[in-house]
Amino acid sequence: MTFGITSAFARWAPRIRLTLLLIVAVFLGHDAVYLAQYGLGSTLVQVMTERGHDAYWPTLISLALLSGTLLVAGALATVVRLRRRLVGLPERRASTASAYLPEVLRLWRVLLPATILLFALQENVEYLFTHGDVLGIEAIVGPNAPLAIPVLALVTLALAALGGLVRWRIAVLQARIARAITRIVERIAAAEPAHEWARIHDAAPHRWMRSRPDAGRAPPRILPA
């Protein structure tokens, strides 16, 4: 079975993947920050309840699980589709290991600030609904959240490493397919016709000219009305 995608979906697909990854990053980052600051125990449960997490946290967990599932399924489907395209194609593998680190850094420099911003926004909204005020920048720095930025940096770096690995693998497969197709085109362009075709080429025009005495005449002019 073959599935097709539109150009509009192809343009939006990277943004959709980044959005899903951000949802997972915010969820994991939030839990990691609270675990680092309050530990795993009654204090953590108390703080989560005081800041209004009980009302929406199950929904956020479900959304994060769904986002992660879609990301994994999409990545596996893309890799399988590209590997199937490679079947039967002439290929010569090239070393592309050096491209992995730049891929991770490109993803991390987008994921880190976006996650910090969303985490700060989430904390301010929570504090506004429970205390009638906002924390402002103190949601990510200061005594209320001394470990927020370092923890979020580590969480997003880990996610960028995983996401970069997938993007790097997809890029490697796409490059191998492109090289294989280029090699096929080059072989076709460099191929020489059989010698018999040269004799046919020499004979066919003369034979055609003898059977068409009017060949080469210009078309008649249109008669005036």
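Now for a description of the structure that goes with this document. Computed from a prediction, not measured in an experiment: that's the story for all the values here. Throughout this document, residue positions are counted from 1 along each chain, in the order its sequence is written. In keeping with the predicted nature of the model, local features appear solely for residues at pLDDT of at least 70, side-chain atom pairs appear and are counted solely at 80 or more, and the whole-chain, interface and lining totals rest on all residues. Where side-chain values are given, they derive from all heavy atoms of the structure, hydrogens and water being excluded.

### Section: a nonpolar patch on the surface
Thinking step 1. A cluster of nonpolar residues, Leu118, Leu121, Val125, Leu128, Phe129 and Val134, forms a patch on the protein surface that exposes about 570 Å² of accessible area.
Thinking step 2. Examined against the element boundaries, Val125 turns out to sit in helix H4 (residues 100-131).
Thinking step 3. For Val125, a relative accessible area of 36% corresponds to the partly exposed category. Within this analysis, patches are made of residues with over 30% relative accessible area and no salt bridge. Like charges are joined at 9 Å or less; nonpolar side chains (Val, Leu, Ile, Met, Phe, Trp, Tyr) at 5 Å or less. Using a 1.4 Å probe, the Shrake-Rupley method yields the accessible areas, and only the shown protein chains count as cover for residues. Salt bridge, as applied in this entry: a Lys or Arg side-chain nitrogen positioned within 4 Å of an Asp or Glu carboxyl oxygen. In this description a helix means any DSSP run of H or I spanning at least four residues, a strand means any run of E spanning at least two, and both kinds are numbered starting from the N terminus. The classification of residues rests on relative accessible area computed with a 1.4 Å probe and restricted to protein chains. Under 20% of the type maximum is buried, over 50% is exposed, and intermediate values are partly exposed.

### Observations concerning the pattern of salt bridges
Thinking step 1. According to the stated counting rule, one finds two salt bridges in the structure shown.
Thinking step 2. Linking Glu103 and Arg106 is a salt bridge whose minimum nitrogen-to-oxygen distance equals 2.8 Å. Of this pair, Glu103 and Arg106 both sit in helix H4, three residues apart, which is roughly one turn of the helix.
Thinking step 3. Of the charged contacts, one joins Glu103 and Arg167 as a salt bridge, the two residues approaching to 3.1 Å between their closest N and O atoms. One end of the pair, Glu103, is in helix H4; the other, Arg167, is in helix H5 (residues 148-190), with 64 residues separating them in the sequence.
Thinking step 4. Residue classification places Arg167 among the partly exposed positions, given a relative accessible area of 38%.
Thinking step 5. Through salt bridges with shared partners, one network takes in Glu103, Arg106 and Arg167.

### Remarks on the side chain of His30
Thinking step 1. Inspection of the secondary structure assignment puts His30 in helix H1 (residues 7-38).
Thinking step 2. Its relative accessible area of 0% is what places His30 among the buried residues.
Thinking step 3. Separated by 3.0 Å, the side chains of His30 and Glu123 make a polar contact.
Thinking step 4. Any two residues whose heavy atoms approach within 4.5 Å are treated as being in contact. Apart from the residues within four sequence positions on either side, His30 is in contact with Ala25, Met48, His53, Trp57, Phe119, Gln122, Glu123, Glu126 and Leu152. What qualifies as a polar contact is a pair of N or O atoms within 3.5 Å, subject to a donor-acceptor requirement within protein and to the restriction that residues adjacent in sequence count only when both atoms come from side chains.

### Considering H4
Thinking step 1. Expected helix span is given by 1.5 Å per residue-to-residue step, counting one fewer step than there are residues. With 32 residues, H4 ought to run about 46 Å at 1.5 Å a step, and its terminal C-alpha atoms sit 45 Å apart, in line with that.
Thinking step 2. Most pronounced at Trp108, the bend in H4 amounts to some 25°.
Thinking step 3. After H4 finishes, the residue Gly132 shows a positive phi value of roughly 75°. The quantity called bend is, for any residue, the angle between two axes fitted respectively to the seven residues ending at it and the seven beginning at it.

Distances and angles like these do not, on their own, reveal function.
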